[in-house]
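Chain residues, written in single-letter form:
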Amino acid sequence: MAIRPDRLGDILEGAKRRRRTIVTPEGVELDIRLAGSGERLTAFILDLLFMFAAVFVLYFLLIMLFFTDANISVGMTIILFAAFVVRNLYFLHFELAWQGRTPGKRICGLRVINRRGGELSPSAVIARNLTREVEFFLPLSLMLSVYVRPGSLQMLALTGWVLLIALLPLFNRDRLRAGDIIGGTQVIAMPKRVLSGDLTAGPQKETKKAAYAFTHTHLSVYGAFELQVLEEFLRRPPSEETQRQLEEICGKIRRKIHWEREVPPHEVRNFLTEFYTAERASLERGQLFGKRRDDKNSPSV
């Protein structure tokens, strides 16, 4: 399937992004936008700042508790151990808890996904973040140690290693770092979009009574991301291929939300449009109360 140009995305996001097509476990082909090297670097720097801030606060608290003449050695040991734990668990915790996002990635609109279209597994997150220790933190720690002299062969070797690893995304078409290659992951851009209103507005829709009634259980399965995907298919011009795709999507949605009634082929578009309308209204009601659901993996509201 050819990647369809997103002219609106190009206007809103500026320079054109590299795009790839992945297939979700539901069998839906999606166009994804690869995160730029500058965006990833910015997100990483922000995460480092947040992490160092957390370590600084932790240092301050531990100094207040342990730094006395009697237990200064104990305090130093605890501080070093706490810094190691924070450094190694920061990325793991947030990418597991926030479905592939850290505070830095969230600010920059980035997300880690499974490169093969499946669910982002804990093993993939662990693999990509343990690799970061070898890529960046271990060489940096050695460079800052007292055993490596400035200008020595060891310093040059470590500097070359860090630069080589840092430039790796520039030498592959999908901008993958070593951790992404090992973990089977990909960092993509998730630009913030608002759901369009013209699919649910208009005089015809206001006067026509809905033929399908959806309960809160039906509407609690999906989030804003899946709704935007459905909107994209509903906007496609009528054709045999579009009808076939809508029928496949309708079947998958019915199975997912446990909809027992049959939907005739000629009613598929109406069913999906009304589901879109109800789902959009449900998500907007949740946002009014501060309950935002980005995708189906987010907690139900």
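Residues numbered from 1 in each chain as written. Predicted model: local features only at pLDDT ≥ 70, side-chain atom pairs only at ≥ 80, totals over all residues. Heavy atoms only, no water.

Q: I tried to follow the overall build of the protein chain on my own but got confused; where do I start?
A: Looking only at helices and strands, the protein chain features twelve helices and four strands. Residues classed as buried in the protein chain amount to 42% of the 301 residues present. Sequence-distant contacts, at least 24 apart, represent 67% of the contacts inside the protein chain between residues at least 6 apart. Total accessible area on the protein chain stands at roughly 18000 Å², and carbon and sulfur atoms take up 65% of it. (Helix = DSSP H or I, 4+ residues; strand = E, 2+ residues; numbered from the N terminus. Buried < 20%, exposed > 50% of the residue type's maximum accessible area, 1.4 Å probe, protein only. Contact = heavy atoms within 4.5 Å. Areas by Shrake-Rupley, 256 points an atom, 1.4 Å probe, with all protein chains shown as cover.)

Q: What is the right way to read the nonpolar core from this model?
A: Nonpolar side chains tend to gather and get buried jointly when the protein is soluble and globular. Counting residues in hydrophobic clusters, the biggest one holds 31 residues, and the most contacted among them are Phe214, Leu230, Ile253, Ile257, Phe271, Leu272 and Phe275. For this core, the secondary structure elements donating two or more residues are strand E2 (29-34), helix H10 (224-234), helix H11 (240-257) and helix H12 (268-288). Those residues within four positions of Phe271 in sequence are excluded, and the remaining contacts are Tyr212, Phe214, Cys250, Arg254, Trp259 and Val263. One finds Met51, Tyr90, Phe91 and Phe94 within the second-largest nonpolar core, a separate group that totals seven residues. (Core = buried A, V, L, I, M, F, W, Y, C linked by side-chain atoms within 4.5 Å.)

Q: Quick question: what am I supposed to make of the sheet that holds strand E1 (residues 19-23) here?
A: Strands in a sheet are paired, the pairing made by backbone hydrogen bonds, and the direction either parallel or antiparallel. The strand order across the open sheet formed by four strands is E1-E2-E4-E3, and the pairing between neighbours is antiparallel. Strands at the two margins of the open sheet, each flanked by one partner only, are E1 and strand E3 (110-114). In this sheet, neighbouring strand axes are inclined to one another by 50 degrees on average, regardless of whether the strands run parallel or antiparallel. (Pairing = 2+ DSSP bridges. Axes fitted to C-alpha atoms, helices over the stretch in contact; angles between N-to-C directions.)

Q: What exactly am I supposed to notice about the confidence of the model for the protein chain here?
A: The predicted coordinates should not be examined in detail at positions where pLDDT is low. Taken residue by residue, the protein chain gives an average pLDDT of 77. The fraction at 70 or more is 75%. Helix H4 (residues 103-108) holds the highest mean pLDDT among the elements of the protein chain, 92, whereas helix H8 (residues 203-207) holds the lowest, 44. Predicted confidence is poor over residues 1-15, with pLDDT under 50, and the contacts of this stretch with residues over four places away or in other chains come to 20 contacts. Low pLDDT, under 50, characterises residues 202-207; the predicted model gives this stretch three contacts beyond four residues in sequence or across chains. (pLDDT = per-residue confidence, 0-100.)

Q: Please explain H11 as it appears in this structure.
A: Each α-helix turn comprises 3.6 residues. Residues three or four places apart therefore point the same way. Look at H11: 26 Å from first C-alpha to last across 18 residues, which is about the 26 Å you get at 1.5 Å a residue. For H11, the complete set of buried residues consists of Thr242, Gln245, Leu246, Ile249, Cys250, Gly251, Ile253, Arg254 and Ile257. Two residues or fewer after H11 comes His258, characterised by a positive phi angle close to 60 degrees. (Expected span 1.5 Å × (residues − 1).)

Q: Mind showing me how you'd approach the pairing of E3 here?
A: Within a regular strand, side chains alternate between the sheet's two faces. In terms of burial, E3 is a largely internal element, five of the five residues being buried. Where E3 lies against strand E4 (residues 185-189), five bridges are found, and the strand directions are antiparallel. Bridge pairing in E4 links Leu110 to Ala189.

Q: What am I meant to see in the packing of aromatic side chains here?
A: Here a ring pair, both rings aromatic, is described through the centre-centre distance and the interplanar angle of the planes. Across all of its chains, the model carries eleven aromatic pairs by this definition. With a centroid separation of 5.1 Å and 80 degrees between ring planes, the pair formed by Tyr90 and Phe91 is classed as edge-to-face. The interplanar angle of 40 degrees and the centroid separation of 5.0 Å between the aromatic rings of Phe214 and Trp259 together place this pair among those described as tilted. Placement of the pair is Phe214 in the loop between H8 and helix H9 (216-219) and Trp259 in the loop between H11 and H12, with a sequence separation of 45 residues. Both residues of the pair, Phe214 and Trp259, belong to the buried class. Among the aromatic residues, those joined into a cluster by ring pairs are Tyr212, Phe214, Tyr222, Trp259, Phe271 and Phe275. Looking at Arg106, its charged tip hangs above the ring of Trp98, at a distance of 4.8 Å from the centre. It is Arg132 that lies over the ring of Phe91; its NZ or CZ is 4.1 Å from the centre. (Phe/Tyr/Trp six-rings, centres within 6.5 Å; stacked < 30°, edge-to-face > 60°. Lys NZ or Arg CZ within 6 Å of the ring centre and 35° of its normal.)

Q: Looking at this structure, how should I read the side chain of Asp47?
A: Turning to its location among the elements, Asp47 is positioned in helix H2 (residues 37-66). Lys105 is the oppositely charged side chain nearest to the buried, salt-bridge-free Asp47, at an N-O distance of 4.6 Å. Those residues in contact with Asp47, other than ones at most four positions away along the chain, are Tyr90, Phe91, Thr102, Pro103, Gly104 and Lys105. (Lys, Arg positive; Asp, Glu negative; His and termini not counted. Salt bridge = Lys/Arg side-chain N within 4 Å of Asp/Glu carboxyl O.)

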